[in-house]
Amino acid sequence: MTAAKITQVVVDEVKGYHNFVKFLIFLVGAAALASAIRFIFGLGVTTNLNDTFPWGLWISFDVVTAVPLAAGAFTLGAIVHCFHIKKLEPLVRPAIVTGFLGYSLVCVGLLLDLGQPQRGWHTMVYWNPHSPMFEVSMCIMAYTTVLFLEFLSPVCEKFGYHVPLRLLRTIEMPLVVLAASISTLHQSSLGTFFLIAVDKLHPLWYNPLLPLLFWVSAMCAGMSIITVEATMSHKYMGQPDEGELLETLAKILPCVLSFYLALRLFSLFALSEGALWDRPGLTALFVLEIVALVVPVLMLAQKKVRENGRQRATAAWLVIFGVVVNRFNVSMFGMEAPGTSYYPSFLESVVTIGIIAAHILFFVLIAKYFPIFEHHPETVDYSLPDHFHKTDNNHGHVGNEA
Amino acid sequence: MSSENKDFGKNKAFLIDMTKCTGCRGCQVACKQWNQLDAEKTKFFTGEGYQNPPLMSEYTFTRIKFRDYEKNGQNEFAFYKEMCMHCNEPACASVCPVGAFVKTKEGPVTYDAKRCIGCRFCMVACPFGVPKYEWSKAFPLVRKCTGCYSRVKEGKKPACATTCVSAITYGPREEMIKEAEKRIAARPEKYLKKLYGAEEAGGTSVIYLTALPFDELGFKHVTKRPLPSYTWQALRLVPGIFLTVGSSLSLLSWFTHRKERIAKEEEMRKSGSAPKEG
Amino acid sequence: MTNHWIDLKNADAILAIGCNPAENHPISMKWIEAAMDQGGKLIAVDPRYTRTASKADYYAQIRPGTDIAYLGGMINYAIQNNLIHEEYVREYTNASFIVNEKFDFEEGMFCAFDDQEKTYDAKAWAYAVDGAGNPKRDKSLKDPRCVYQQLKKHYSRYDVDKVCAITGTKKEDYLAVAKAFCSTGRPDKAGTILYAMGITQSTHGTQNVRAVAMLQLLLGNIGIAGGGVNALRGESNVQGSSDYGLLFHLLPGYLKSPEFDNVDLKAYLEKWTPKTKDPKAANWWGNTPKYTVSLLKAWYGENATPENGFCYDYLPKRSGNYSFMKLMEGMGAGKLEGLVCMGQNPAVGGPDSLKTRDALGKLKWLVTVDLWETETSIFWKRPGVNPKDIQTEVFMLPAASSVEKEGSISNSGRWAQWRYKAVEPCGNAKSDLWIINAFAKKMKDLYAKGGAFPEPITKLSWNYGHGEEPEVHMVAKEINGYFTKDMTIVDKDKTLEFKAGDQVPMFKYLQDDGSTVSGCWIYCGSYTKDGNLMARRDKTDAPNGLGMFPKWSWCWPVNRRIIYNRASVTPDGTPFNPKRAVIAWDGLEKKWKGDVPDGPWPPMNDAKEGKNPFIMVPEGFGRLYALDMKDGPFPEHYEPIESPATNLLSKVQNNPAVKVPKDIVPDAAKFPFIGTTYRMTEHWQAGAMTRSLPWLTELVPDMFVEISETLGRAKGIKNGDMVKVTSQRGSIECVALVTSRLKPFNVQGKQIEQVGLPWHFGYAGAATGDSGNVLTPSVGCANTSIPEFKAFLCNIEKGGKRA
Ligand SMILES: Nc1nc2c(c(=O)[nH]1)N[C@H]1C(S)=C(S)[C@@H](COP(=O)(O)OP(=O)(O)OC[C@H]3O[C@@H](n4cnc5c(=O)[nH]c(N)nc54)[C@H](O)[C@@H]3O)O[C@H]1N2
Ligand SMILES: Nc1nc2c(c(=O)[nH]1)N[C@H]1C(S)=C(S)[C@@H](COP(=O)(O)OP(=O)(O)OC[C@H]3O[C@@H](n4cnc5c(=O)[nH]c(N)nc54)[C@H](O)[C@@H]3O)O[C@H]1N2
Ligand code: SF4
Ligand code: SF4
Ligand code: SF4
Ligand code: SF4
Ligand code: SF4
Ligand SMILES: [Mo]
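Small disclaimer: the values here were computed from a predicted structure and weren't measured.

What counts, and where the lines are drawn
Residues numbered from 1 in each chain as written. Chains lettered and ligands numbered in written order. Predicted model: local features only at pLDDT ≥ 70, side-chain atom pairs only at ≥ 80, totals over all residues. Heavy atoms only, no water. Contact = heavy atoms within 4.5 Å. Buried area = accessible area lost by both parts, 1.4 Å probe. Salt bridge = Lys/Arg side-chain N within 4 Å of Asp/Glu carboxyl O. Polar contact = N/O pair within 3.5 Å; in protein donor to acceptor, adjacent residues only side chain to side chain. Helix = DSSP H or I, 4+ residues; strand = E, 2+ residues; numbered from the N terminus. Buried < 20%, exposed > 50% of the residue type's maximum accessible area, 1.4 Å probe, protein only. Nonpolar A, V, L, I, M, F, W, Y, C, P; charged D, E, K, R; others polar. Phe/Tyr/Trp six-rings, centres within 6.5 Å; stacked < 30°, edge-to-face > 60°. Near = heavy atom within 4 Å. Pairing = 2+ DSSP bridges. Axes fitted to C-alpha atoms, helices over the stretch in contact; angles between N-to-C directions. Areas by Shrake-Rupley, 256 points an atom, 1.4 Å probe, with all protein chains shown as cover. Domains from an automatic or database assignment.

Quick notes on the interface of chain B and chain A
Line of reasoning, step 1. At the junction of the two partners, chain B supplies 62 residues and chain A supplies 64 residues.
Line of reasoning, step 2. Taken together, the two surfaces of chain B and chain A that pack against each other cover about 5200 Å², and 65% of this comes from carbon and sulfur.
Line of reasoning, step 3. Interface area lost by chain B to chain A is led by Ile117(B), Val124(B) and Trp135(B), which between them contribute 14%.
Line of reasoning, step 4. Applying the counting criterion to the chain B and chain A interface returns one salt bridge.
Line of reasoning, step 5. Asp113(A) is the partner of Arg120(B) in a salt bridge, and the nearest nitrogen-oxygen pair spans 2.6 Å.
Line of reasoning, step 6. Across the chain B-chain A interface, the total number found is 26 residue pairs in polar contact (both at pLDDT 80 or more).
Line of reasoning, step 7. Among the elements of the structure, helix H2 (91-95), helix H3 (121-125), strand E6 (132-133), helix H8 (228-235) and helix H9 (238-271) of chain B are those that each provide at least two residues to the side of chain B that touches chain A.
Line of reasoning, step 8. Here the side of chain B that touches chain A gets 13 residues from one element, more than from any other, and that element is H9(B).

Rendered as structure tokens:
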């Protein structure tokens, strides 16, 4: 095929997309342009960052928040494979895709945010084990690789690459374990970042348990994301209904959440130092964050909520919201010294919106072209097969109408 | 990064006696000259008194902060030199993922621009707000007071200390602290009985003496514990957690999968055939 | 300075009045702070709370132009409270001298005033003399006609309440300052007074300085370590410039410039060589003929012979006042054809600068020799004028800066320090010496071809080498001086042999017969057979440990670090304060130890050879009562020419000896505020040298005006607002700095506001702004003509074009 022909095919394909998808493409395009501006004129022109606010939206959302939102993969992986709650397995692939996309985009966000993105590899050469950032970047690199390998499964399935698939199968378990361990480290280390901000982060958020809190809340966020994702792709993309599975998840979620809240309150009242309620704005944000996490516990404690797809999803949304607010509070609002304020610039926001759009876009596209939902592994043999079983021909063609 | 077994007494340190600082800003200019920093485009005065530029920045490694106010009907016109504190155990160095910051044995905390990836964690971490960024560049780096390491290595004093009339004394940290205590003892009615930097952030290589309360002058309140210890208390657990989580999950899955495996092996042995297609 | 910078560390009290050392002489603070570390007290007396004030133990606010009232009050305080150094006053000052019967002071006026000419006849103030022609004295100081009693009477009018009502100083501040400083009137205490432009730039500036000196004499603070009358001088080499005759009324070495009636050398020497009959009076100026002839020999060399009066006739004779302001006045009147501005920027630095800028346009030609393009060199294209309307031809000669050339520089402490060339001049810049040398040679060539009275030029001896750059060492050697013929000189028990061409080792060997050459007698001894002593950099201190560093550079006269040091000992030669002994008489060895004494003679009490300590005045005593001032023997308070207050001490409002130009008509109703101008650390003078340096303009980028919070409130002016400041002469726009450091003065029950302006800005260079001198009046001191930059009337309003 000539280049022109390929372009033609792509254009034709895109023309067929739903308007929402086109809109997403537009947002991603806008973000790409904004990124170009960043690399020509610098961060000062593109963002509202300055020496007082060295970290802003990109770090707060694209990294500190995106990472826990992508936590579904390891959480679920562990639940399914290690605790061997096999019925949740159909959710694993979407979660891995979400995770892989999430982490890839974290990397994109980071590359934009770094002053010297071309030196990203320096972290692998110049080790500083005392730096949480070193630890996180090593983890993120490792974890993205793991997710990539995991993500390769549907790809190989799609194209029928048997040998690599077999290989991937072989290392699946170690990968899951590795993923969970690495995630534990960097999800919590994101919290460790802010342990250095002793006199900067407000005591409503600063306490020595920050890493643990980050880890636990990341798991909650991960589970909630899976819930929301599955619900939405069922509703909007005609994917199979995983309601039953989500109910199980909805049983686990409030337990973890309650554990988190207990820990949160303990650390707040027993471990924090300094005046807690001295800044009304921050108090409000704090209340928002806590309420957004307490309400879903109360909701999911009820069977009828758990069984109702919409209500279940609402509760999950709340959890996501609560965790997002928490991450923003820690990395942004709580770090603002009294009397100073930061808000993202237009271009900065365009980039972040573009990254979110890219996430959704790629998810939709992947779901469209790759077998991620139909994978019901209870029908698949996990032992080492002599030959690989042929994948369903239908794969890759579902959701055409999306 | 623990503070035990570390002797910072021999490190070179600045003793800045604000009662002697005249706000002449010779240090500010000397610093720009030595480091060949561009001037900033300023307007009128961006702060109290004749204060300019508004803040330390990529172009301004040190700055005299002016305080111009009245207290009990008495004028106060105070000046203090802001610069990198060259912490004994620098937060910037501990958080830098690529180890671009190094506490040298001579005292200055240096920055290796060739390593830096520009993540700005150092800026977030520094309790004194010292590292600044090249916001106007497409591929920016961090900038801060170098402690004039290149001079200090040669046995010279930093440019600012050399130019200063008499407010800056430069020498081994323990001697600077002794000198400061001597001055306080000699004129107790004049000096505040506190040395800023003696304990802040676990001790720094810049130590201030003053006659006016530090918070009144705008000095930041900073913890006495070395900052790296705050993160290290969590980070040091990393290998342990990794191994614990990894091994317990492995074990767990080994167990949880065992039954299934046994069943499957059984079946395989029985049928000797390939799995069914699904 | 009678003393020197390092010596400041020996002071127990430092009174900085009318100067702002922290800002304008930053390095001085090193020594001031060293004194403070030893318990010394720093006192700042200034209209504004300055960076110096912020370091001071005591601060007192003073209304601009009222220093005589302030210091007169301190004199009164010292006398009333018995704090004066009695022995010093009795033995070393003219306190005991009897004033002639006719002398009188009444209602603000001294006797013998000519109302027409606005001049006093100073002869009327002479001492009463005895039969032998020597001044009469009463060492008991009781005689009502003695200087001490006259002084006491004069200043008894300066009581604290009156003084504070004039100066606007808070009474408790005033008393605290008086107490702290007058406590140095004891032999074991030293107090120094630092002053600069806040004291001198006044229509009674010289009397301000005299008041400083008198207070110091009364407290016994002159000649001692940590004491002195210390002018913090201005331009880096202004001390050297003055030493070498920069001022119109002086020749090098403070010899007087000839006046129109000094028709020949004899008449000149007759007029300017003081005489005394007192054998104990060293009367150093008695050597005037030696120094004058040696100077003429330096200028006219071989051509100067005893027969032709050493070419004295070639010198221009002065018949009036050629001070800066007079020159500008003449220039404005079209009386000058051309002007050479060598390192000067009158379009910004002089008073009433709008007038000066106009006057420059009346010139046919203007030459500026400067490092930069200055407001003066581009006056023809300044904002608001059309270059086409200006016919002046302007030449700009680029000058090499101080680091691009070799030579000496004299600091305030009289230390001449040799500097080396650090870098080559940039571009076509040439050293000033090169430029002057080229000028001189060209003029000689041109006059050789004829002209009106060419001899003063053609006969000049001008030989500073044949290279491209004149030999600066030859200049320095000529300034020191050399013998023109072989000589044998007998000095006490020594016989000294000199060959023609030998450097003269010190000025006491200079001759009045043409056998010596010396370009500036006070520098004789700076460049001898031992080489260039100004280049010495030996960091060892003298044994007395007072920081005199006698082998660091060279200081005039004869490397004496503290002048009048004969007054630091009792008449027997024992130091008043043995802990800080400047000199001490060793009776056994029959010689002085320590600093170079003010003359080699034994102490005053030595019946045969003893001499009085103040050797530069004919009688040899520190003058509490002056005989040669234009405006009175005692400083008397008068208001500045433009003042919102009336004189509380007498009906005479202004210094009667000042001729006020007709165009100055003070109007306190229209211009109710006191304007004052000053410097700041970050800029230099007219600004040419700093306003184009980004590192400095970053610090102070804009012209601004400092006002009090009360004035800000009254005028609705907030910090950072644009304002317009107006005086009778013009108006400027600048940014307002509203600060509690400036406060209104409480004068006679009225609140009088001050408006403080730095004068560093102008329209040339990178950072531009309006010039403070647009506002200042062109009127100056009765004695020196220094303009009254520090006190004038103005108004301030919010707003301005630039806003
Ligand atoms: N950075 C810097 N240093 C300089 C210069 C410069 O331009 N910049 N210029 C140099 C030169 S040439 C000189 S002459 C010196 C001058 O040095 P200073 O005399 O110290 O300079 P000024 O700031 O003009 O005046 C000193 C102080 O006098 C105060 N003052 C005004 N009026 C009165 C008064 O009537 N009585 C009293 N007691 N005080 C009054 C002013 O508020 C000011 O603070 O500085 C030299 N040093
Ligand atoms: N309102 C107000 N006006 C004042 C004063 C005040 O207090 N208030 N102070 C007065 C005082 S004390 C003074 S001294 C005068 C000063 O007034 P000016 O002497 O007119 O001012 P400067 O800016 O010092 O000018 C010196 C010039 O010499 C140049 N220069 C520097 N080095 C060299 C060199 O080596 N060779 C040559 N040829 N040129 C050189 C500089 O670039 C500068 O332009 O101003 C007076 N004006
Ligand atoms: S002051 Fe900040 S930048 Fe300087 S050494 Fe300490 S932590 Fe690092
Ligand atoms: S910005 Fe550079 S120096 Fe600072 S922490 Fe990041 S890599 Fe290290
Ligand atoms: S130590 Fe050097 S780099 Fe740091 S402020 Fe001083 S002059 Fe500037
Ligand atoms: S050089 Fe010294 S005296 Fe001047 S502003 Fe700096 S610290 Fe203060
Ligand atoms: S002469 Fe030079 S070193 Fe001395 S105070 Fe002035 S600027 Fe500073
Ligand atoms: Mo001056």
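Description of the pattern of salt bridges
Line of reasoning, step 1. Enumeration over the complete set of coordinates arrives at 58 salt bridges over all chains.
Line of reasoning, step 2. Salt-bridge contacts for Lys224(B) lead to Glu199(B); the nearest nitrogen and oxygen are separated by 4.0 Å. Of the two residues, Lys224(B) is situated in the loop between helix H7 (214-217) and H8 and Glu199(B) in the loop between helix H6 (173-186) and strand E9 (206-209); the sequence distance between them amounts to 25 residues.
Line of reasoning, step 3. Residue Arg691(C) pairs with Glu375(C) through a salt bridge whose shortest N-O separation is 2.6 Å. Within this pair, whereas Arg691(C) is found in the loop between strand E26 (673-678) and helix H20 (694-697), its partner Glu375(C) is found in the loop between strand E13 (365-370) and strand E14 (393-398), the two being separated by 316 residues in sequence. For the pair Arg691(C) and Glu375(C), one class covers both residues: buried.
Line of reasoning, step 4. Connected through shared salt-bridge partners, Asp17(B), Glu179(B), Lys182(B) and Arg183(B) make up one network.

Some thoughts on the interface of chain B and chain C
Line of reasoning, step 1. With 36 residues of chain B at the contact, the number on the chain C side is 40 residues.
Line of reasoning, step 2. Of the roughly 3100 Å² buried between chain B and chain C on both sides combined, carbon and sulfur atoms contribute 55%.
Line of reasoning, step 3. Area buried by chain B at its contact with chain C is led by Phe44(B), Tyr50(B) and Asn75(B), which between them contribute 24% of it.
Line of reasoning, step 4. Linking chain B to chain C there are six salt bridges.
Line of reasoning, step 5. The residue Lys743(C) makes a salt bridge to Glu70(B) at a minimum N-O spacing of 3.2 Å.
Line of reasoning, step 6. Across the chain B-chain C interface, the total number found is 21 residue pairs in polar contact (both at pLDDT 80 or more).
Line of reasoning, step 7. At the level of secondary structure, the elements contributing two or more residues to the side of chain B that touches chain C comprise helix H1 (26-35), strand E2 (63-71) and strand E3 (74-82) of chain B.
Line of reasoning, step 8. The residue inventory of the side of chain B that touches chain C, partitioned by class, reads 15 nonpolar, 12 polar and nine charged.

Some points on the packing of aromatic side chains
Line of reasoning, step 1. Summed over all chains, the structure comprises 75 aromatic pairs over all chains.
Line of reasoning, step 2. Residues Tyr80(B) and Phe219(B) carry aromatic rings whose centres are separated by 4.1 Å and whose planes lie at 25° to one another, so their mutual orientation is stacked. Highlighted residues: Tyr80(B) in strand E3 and Phe219(B) in the loop between H7 and H8, separated in sequence by 139 residues.
Line of reasoning, step 3. Residue Tyr80(B) is classed as buried on the basis of its relative accessible area of 6%.
Line of reasoning, step 4. Taking the relative accessible area as the measure of exposure, Phe219(B) reaches 10% and is therefore buried.
Line of reasoning, step 5. Between Tyr49(C) and Tyr59(C) the ring centres are 5.1 Å apart and the planes differ by 80°, which places this aromatic pair in the edge-to-face class. With a gap of 10 residues between them, Tyr49(C) in the loop between strand E2 (41-46) and helix H3 (51-55) and Tyr59(C) in strand E3 (residues 58-61) connect regions that are remote in the sequence.

Section: the site of ligand 5
Residue and element names in this part refer to chain B.
Line of reasoning, step 1. Close contacts around ligand 5 come from Phe-14, Cys-31, Asn-35, Thr-62, Lys-81, Cys-145, Thr-146, Gly-147, Cys-148, Pro-158, Ala-159 and Cys-160, and that covers them all.
Line of reasoning, step 2. Elements with a contribution of two residues or more to the shell around ligand 5: H1 and helix H5 (159-163).
Line of reasoning, step 3. Among the residues forming the shell around ligand 5, the class breakdown is seven nonpolar, four polar and one charged.

A few points about the sheet that holds E13(C)
Strand pairing in a sheet takes place through backbone hydrogen bonds and is either antiparallel or parallel in direction.
All names here are of chain C.
Line of reasoning, step 1. Spatially, three strands are ordered E12-E13-E14 in an open sheet, and the strand pairing comes out parallel. Every interior strand has two partners, whereas the edge strands, strand E12 (338-342) and E14, have only one. For this sheet the average axis-to-axis angle between neighbouring strands, irrespective of direction, equals 10°.
Line of reasoning, step 2. Of the strand pairs in this sheet, E13 and E14 are connected by six bridges, and their pairing is parallel.

Description of the site of ligand 2
Residues and elements named next belong to chain C.
Line of reasoning, step 1. Neighbouring ligand 2 are 28 residues, the closest being Glu-235, Gly-349, Asp-370, Lys-405 and Asn-773.
Line of reasoning, step 2. In this structure, Lys-405 approaches ligand 2 through a side-chain N or O atom, which is 2.5 Å from an oxygen atom.
Line of reasoning, step 3. Contact distances for ligand 2 include 2.7 Å between a nitrogen atom and a side-chain N or O atom of Asp-432.
Line of reasoning, step 4. If ligand 2 stood free it would expose 910 Å²; the protein chains cover 87% of that surface.
Line of reasoning, step 5. For the shell around ligand 2, the residue count by class is 12 nonpolar, 10 polar and six charged.
Line of reasoning, step 6. Of the domains in this structure, domain 1 (324-458) and domain 2 (673-798) are the two that each give at least three residues to the shell around ligand 2.

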